[in-house]
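Examination of the molecular architecture
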Amino acid sequence: MLDKAVAILDCYPPDGGTFRLTEIASRTGLAKTTAFRLCSDLVRLGLLDRDRDGYRLGGKLFELGSLVPRRFHLREAALPFLQDLFEATHETVHLGIREGHEVVYVERIHGHRALALPSRIGGRLPLTCTGVGKALLAFSGDELAEEVLVRPLPRLTPHSVTDPARLRTAIEQIQVSGLAYEEQEAALGVCCIASPVFDGPTAVAALSVALPCARFRPAQLAPAVRTAALGLSRALRSGT
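By convention here, each chain's residues receive numbers from 1 onward along its written sequence. Residue-level local features of this predicted model are given only where pLDDT is at least 70; pairs of side-chain atoms are given and counted only at 80 or more, and the full residue set underlies all totals for whole chains, interfaces and linings. The side-chain quantities take in all heavy atoms of the structure and omit both hydrogens and water.

An unreviewed UniProt entry annotates the protein as IclR family transcriptional regulator of Actinoallomurus oryzae.

Structural data, given as structure tokens:
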């Protein structure tokens, strides 16, 4: 069914437009009942909008499209710093951005001792359960932090922080040090240290080092993580 849903989106010209159901069925060769069911699913996903005149491309589709060049530029700018960080630590490194209350992983580099992690490129995890997520949360404005703190906090492991007061304290500490820590909160046996990346007053990304807790030495890792994040921030601000 995915190919048929894509066919519906592909039948629209670049400048959009509004099509009635019969026209969508005609353009795609789908049965009208199938077209209706798929259009309803696309409306629920925000990829189509429906009004009295028919169906048009949804705002979510344009939002996702606008993220592609931004993510590509960020990833290209970040790769040298991620590679340097990997060479300095020989541990798994991540680059993530924030979407809503989640972190989306844009890049990941690991060596031969790859960890069993829930993170994957393009994957999402709660902000509050990851080092990258907490670094983003601490530097994305007070309004977002309050939105997160008033809601039930997700639990991925028994070590996930679900107490709002404890999370608020952690956010305040991250804002002072510029470093976020995660200890078995997303995956058992795995610890992480992260730092935010800036291209303006708020964080646009964060990068991290993840490794088994038995090898976790924050004092040794912190300088390399901070150096990589600061270097990427300077590169983004200078446009290089």
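There's plenty left to go through after this.
It is worth spelling out the overall build of the protein at this point. Under the DSSP-based scheme used, a helix requires at least four consecutive residues in state H or I and a strand at least two consecutive residues in state E, with every element numbered from the N terminus. Tallying secondary structure elements over the protein gives 8 helices and 9 strands in all. To be clear on the numbers: accessible area is Shrake-Rupley with a 1.4 Å probe, and residue cover counts the displayed protein chains and nothing else. If you sum the accessible surface of the protein, you get close to 12300 Å²; carbon and sulfur atoms cover 55% of it.

Two strands qualify as a pair provided that DSSP identifies no fewer than 2 bridges between them. Of the pairings in the sheet, the one linking strand β1 (residues 18-19) to strand β3 (residues 54-57) comprises 2 bridges and is antiparallel in character. The residue bridging threonine 18 from the neighbouring strand is arginine 56, located in β3. Linking two consecutive strands that pair antiparallel, namely strand β2 (residues 48-51) and β3, is a turn of 2 residues.

Here we come to the state of the cysteines. The definition used for a disulfide is geometric: two cysteine sulfur atoms within 2.5 Å. Counted according to the given criterion, the structure contains 1 disulfide. Here cysteine 191 is linked by a disulfide to cysteine 213, with a sulfur-sulfur distance of 2.4 Å. Every disulfide takes its handedness from the sign of the S-S torsion; for cysteine 191 and cysteine 213 that torsion is 95°, giving right-handed. Highlighted residues: cysteine 191 in strand β8 (residues 190-198) and cysteine 213 in the loop between β9 (203-212) and α8 (218-238), separated in sequence by 22 residues. Only protein chains enter the accessibility calculation, which uses a 1.4 Å probe; a residue whose area is less than 20% of its type maximum is buried, one above 50% is exposed, and one in between is partly exposed. Here cysteine 191 falls in the buried class, since its relative accessible area comes to 3%. Its relative accessible area of 23% is what places cysteine 213 among the partly exposed residues.

Take the sheet that holds β1 next. Strand order in the open sheet formed by 3 strands is β1-β3-β2, with antiparallel pairing between adjacent strands. Strand pairing shows two members of the sheet lacking a second neighbour, β1 and β2, which therefore form its edges. Note that β2 and β3 share 4 bridges and pair antiparallel. Bridging from a neighbouring strand, leucine 48 pairs with leucine 57 of β3. The criterion used for residue contact is that any of the two residues' heavy atoms lie within 4.5 Å. For helices, the axis comes from a line fit to the C-alpha atoms of the stretch in contact; other axes are also lines fit to C-alpha atoms, and the angle between any two N-to-C directions lies between 0 and 180 degrees. Where helix α3 (residues 32-44) meets the sheet, its contacts fall on β2 and β3, and the angle it forms with β2 comes to roughly 110°.

Attention shifts here to the environment of glutamate 99. Looking at the secondary structure, you find glutamate 99 in strand β4 (residues 92-99). For glutamate 99, a relative accessible area of 12% gives the class buried. Only 2.6 Å separates the side chain of glutamate 99 from the side chain of arginine 124, close enough to count as a polar contact. Polar contacts, as counted here, are pairs of nitrogen or oxygen atoms within 3.5 Å of one another; within protein the pair requires one atom able to donate a hydrogen and one able to accept it, and residues that are adjacent in sequence qualify only if both atoms are side-chain atoms.

A separate point is the packing of helix α6 (residues 142-149) against helix α7 (residues 164-177). Across the interface, α6 lies against α7 with an axial gap of 10 Å and an inter-helix angle of 155°. Taken together, the axis directions place α6 and α7 in an arrangement best described as roughly antiparallel. Seen along the crossing, α6 lies across α7 with a hand that is right-handed. From α6, Ala145, Glu146, Val148 and Leu149 reach across to α7, where they touch Pro164, Leu167, Arg168 and Ile171. All amino acids are sorted into three groups, where Ala, Val, Leu, Ile, Met, Phe, Trp, Tyr, Cys and Pro are nonpolar, Asp, Glu, Lys and Arg are charged, and the leftover types, Gly among them, are polar. Residues of the contact of α6 with α7, tallied by class, amount to 6 nonpolar, no polar and 2 charged. Just so you know how the angles are binned, under 35 degrees is roughly parallel, over 145 roughly antiparallel, 65 to 115 roughly perpendicular, and the rest oblique. Handedness of a crossing follows from how the near helix is turned relative to the far one, being left-handed for an anticlockwise turn of less than a right angle and right-handed for a clockwise one.

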